[in-house]
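Take a look at the letters that make up each chain.
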Amino acid sequence: MTAVMLDGKAISAKVKESVKAEIADFIEKTGKSVTLAVIRVGDNPASEIYVRNKIRACEAVGIRSLSITLAGDTSENEVLDKIQSLAADKSVNGILVQLPLPAHINENKILLAIPKEKDVDGFHPENVGDLVLGNPAITACTPSGVIEMIASTGISLCGKHAVVLGRSNIVGKPMALLLLQQNATVTVCHSKTQNLSEITAQADVLIAAIGKPNFVKKEMVKQGAIVVDVGINRTENGIVGDVDPAVQEVASYLSPVPGGVGPMTIAMLMKNTLIAARRQCE
């Protein structure tokens, strides 16, 4: 068996085309634009690339973007003031603060300052709470993108055993909750999990989000499993995922790194911004 590659670029292109059409319809019906403000603090090269890609995606789907770059020594209060100003601006539908932030700035404090209704990253505690309760919620972009990728296979998650490697607030935890919403049986594994290989070998769907290069070996994967690699690890040999490429010999579907989940994350950010704009018009 050789796995079918889950082409994040192709799948995300379809999502963005749908969002583009919906945004055009929204603008025509309401007479209002859809606007995303992106704040970057400092000159982290990776952050600069991520922000640039998000701005380009906005342009492609018809979202007006505001790119705000602050110096690395900008104080925490100055960042909070900028967020407060954007929060009060009714023309701004979504606010995103690119992480990581400089060490002197408390990330949690910054993220909490973004109003729930403009939190297009899905990190605000109230949005997370809605996800837990099963209420309509703006959900974290990467886990939402993973669900979209799996849906593209035409395989239902209902009743499947899904194993998530990692329990971060950004990926692992919301990923588990979204899988539960799809009626999967979910196991979350982490650094303290015992007999990890035995658990992963039972997974119909395996999602790796731990930040360890090529950690998941083919011996850990069930024959015919769907494997989604969320890892982005910079090594001497370039960017690699959490999943060893040899896993394609046993998996039915596998997302590549790069070109898998990454493009989906940005596509879902565009979708979240549209959702936020619609809710603000209700």
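Above this text you will find the structure in question.
Remember, it's a predicted structure, so these values are computed and weren't measured experimentally.

Q: Please clarify how the sheet that holds strand β4 (residues 94-97) should be interpreted in this entry.
A: Hydrogen bonds between backbone atoms are what pair the strands of a sheet, whose relative direction is either parallel or antiparallel. Taken in spatial order, the three strands of this open sheet run β3-β2-β4, and their pairing is parallel. A strand with exactly one partner marks an edge of an open sheet, and here the two such strands are β3 (64-70) and β4. In this sheet, neighbouring strand axes are inclined to one another by 15° on average, regardless of whether the strands run parallel or antiparallel. Here strand β2 (residues 35-41) runs beside β4; their pairing, made up of four bridges, is parallel.

Q: How should the sheet that holds strand β8 (residues 226-229) be read in this particular structure?
A: Taken in spatial order, the six strands make up an open sheet running β1-β11-β8-β7-β5-β6, and their pairing is parallel. Each having just a single partner strand, β1 (4-5) and β6 (185-189) make up the two edges of the open sheet. Of the pairings in the sheet, the one linking strand β5 (residues 161-165) to strand β7 (residues 205-208) comprises four bridges and is parallel in character. Its bridge partner lying in β7, Ala162 is registered against Val205.

Q: For this particular structure, what's the right way to read the environment of Gly238?
A: Relative to the elements of secondary structure, Gly238 occurs in strand β10 (residues 238-240). Gly238 gets classed as partly exposed once you look at its relative accessible area, which sits at 28%. Gly238 sits 20 residues away from Pro258 along the chain, and the two C-alpha atoms are 9.9 Å apart.

Q: How should I be thinking about unusual backbone geometry in this particular structure?
A: Peptide bonds are trans in most cases, and residues, glycine excluded, mostly fall at negative phi. With an omega of 5°, the peptide bond between Leu99 and Pro100 qualifies as cis. Mapped onto the elements of the fold, Pro100 is located in the loop between β4 and α4 (107-113). Cis geometry is adopted by the peptide bond preceding Pro258, which originates at Val257 and carries an omega value of -5°. Of note, Pro258 is situated in the loop between β11 (253-254) and α9 (261-280). The backbone phi angle of Asn183 is positive, close to 65°, even though this residue is not glycine. Within the fold, Asn183 resides in the loop between α7 (172-181) and β6. Even without being glycine, Asn214 reaches a positive phi, approximately 50°. Within the element layout of this structure, Asn214 appears in the loop between β7 and β8.

Definitions and cut-offs
- Residues numbered from 1 in each chain as written.
- Predicted model: local features only at pLDDT ≥ 70, side-chain atom pairs only at ≥ 80, totals over all residues.
- Heavy atoms only, no water.
- Pairing = 2+ DSSP bridges.
- Helix = DSSP H or I, 4+ residues; strand = E, 2+ residues; numbered from the N terminus.
- Axes fitted to C-alpha atoms, helices over the stretch in contact; angles between N-to-C directions.
- Buried < 20%, exposed > 50% of the residue type's maximum accessible area, 1.4 Å probe, protein only.

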